[in-house]
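Residues per chain are reported as follows:
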Amino acid sequence: MALEHAILVALSEHTGTGYELARRFDRSGGDFWQATHQQIYRVLNRMADGGWVAVEHVEQTGRPDKKVYTVTAPGQAELKRWLAEPTQPVQVRDDLAVKIRGACFGDQAAVLAEVERHRAHHAERLAGYEVVERHDFPDRDALTGHRLHEYLTLRGSITTERGLVAWYDEVRTALRRDSPA
């Protein structure tokens with residue numbers, strides 16, 4: 001997926017500035033999309049040049065004007081086209097999996113330490129996603145439309161992180177058992 005499509009989805013949900021988009025992407029913790037502020041601004045300019053978004057300059061006192069972006073009809077048409085387009089299934093390429101497979105050829109303790117580090121990172125992400133789920137979606141059964149779709153995306157991230165944490169637990173148990181004494 002191109003960043004353009006993630007921005008079209010985000011702006012379809014709510015118009016905003018480049019800064020606001022970057023904060024929304026940051027706040028999502030990666031369950032929606034990850035991009036730097038510079039990438040977002042560069043792509044917004046390209047999208048404006050291509051007619052996918054309109055820019056409204058809003059004057060501010062004591063600060064530079066801000067640019068508020070809105071999806072245009074051509075942008076809506078592109079998003080509709082892209083949503084109907086088939087996508088490739090996710091194919092995960094993981095350097096850590098290669099290290100685990102080759103652990104017997106090197107320092108297994110170093111590989112185990114790396115597994116522990118990855119586990120801690122994903123456990124922290126999982127905990128953050130679960131806080132968002134409890135706070136933002138207290139009545140999950142009543143969700144419809146955009147809120148339901150937002151929740152389903154979050155659930156995908158929660159399920160992924162839970163699976164990774166469980167796998168790291170399995171790997172570290174096996175590596176500890178297999179470790180030379």
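To be clear, the structure that these remarks concern was listed above.
Note that the coordinates shown come from a computational prediction; the quantities given were computed from them, not determined experimentally.

K.L.:
Tell me about the packing of helix 1 (residues 3-13) against helix 2 (residues 18-27), and name the residues and values.
P.N.:
At a closest axis distance of 11 Å, the pairing of helix 1 and helix 2 adopts a crossing angle of 100°. What the angle tells us is that helix 1 and helix 2 run roughly perpendicular. Judged by residue contacts, L3, A6, I7, A10, L11 and E13 of helix 1 engage L21, R24 and F25 from helix 2. Taken together, the residues that form the contact of helix 1 with helix 2 break down as seven nonpolar, no polar and two charged.

K.L.:
Provide a residue-level description of the packing of aromatic side chains, including the pertinent values.
P.N.:
Remark: the centre distance and the inter-plane angle together describe each pair of aromatic rings, the angle taken between the planes. For the structure shown, the criterion picks out two aromatic pairs. Aromatic pair F137 and Y151: ring centres 5.2 Å apart, planes at 55°, arrangement tilted. Of this pair, F137 sits in the loop between helix 6 (108-136) and helix 7 (145-178) while Y151 is found in helix 7, placing the two residues 14 residues apart along the sequence. Pair check on accessibility: F137 and Y151 agree, each one buried.

K.L.:
Tell me what's going on with the side chain of T72, and back it up with residues and numbers.
P.N.:
When you line up the elements, T72 lands in the loop between strand 2 (66-71) and helix 4 (73-84). Looking at T72, its side chain comes within polar contact range of the main-chain oxygen of G51, at 2.5 Å. Separated by 3.0 Å, the side chain of T72 and the backbone oxygen of W52 make a polar contact. Beyond its immediate sequence surroundings of up to four residues, T72 is in contact with G51, W52, V53 and A54.

K.L.:
Lay out the nonpolar core in plain terms, naming residues and giving numbers.
P.N.:
In terms of nonpolar packing, the biggest core is built from 20 residues, with L3, I7, L11, L21, F25, I40 and L44 touching the most fellow members. Of all the secondary structure elements, the ones that give two or more residues to this core are helix 1, helix 2, helix 3 (37-49), strand 2 and helix 4. Residue contributions to this core peak at six residues, all from helix 1. In this view, L11 contacts G16, L21, R24, L44, V53, Y69 and V71; residues no more than four positions away in its chain are not counted. Grouped together as the second largest cluster of nonpolar side chains are nine residues, L112, Y168, V171 and L175 included.

Conventions adopted
Residues numbered from 1 in each chain as written. Predicted model: local features only at pLDDT ≥ 70, side-chain atom pairs only at ≥ 80, totals over all residues. Heavy atoms only, no water. Axes fitted to C-alpha atoms, helices over the stretch in contact; angles between N-to-C directions. Helix = DSSP H or I, 4+ residues; strand = E, 2+ residues; numbered from the N terminus. Parallel < 35°, antiparallel > 145°, perpendicular 65-115°, else oblique. Contact = heavy atoms within 4.5 Å. Nonpolar A, V, L, I, M, F, W, Y, C, P; charged D, E, K, R; others polar. Phe/Tyr/Trp six-rings, centres within 6.5 Å; stacked < 30°, edge-to-face > 60°. Buried < 20%, exposed > 50% of the residue type's maximum accessible area, 1.4 Å probe, protein only. Polar contact = N/O pair within 3.5 Å; in protein donor to acceptor, adjacent residues only side chain to side chain. Core = buried A, V, L, I, M, F, W, Y, C linked by side-chain atoms within 4.5 Å.

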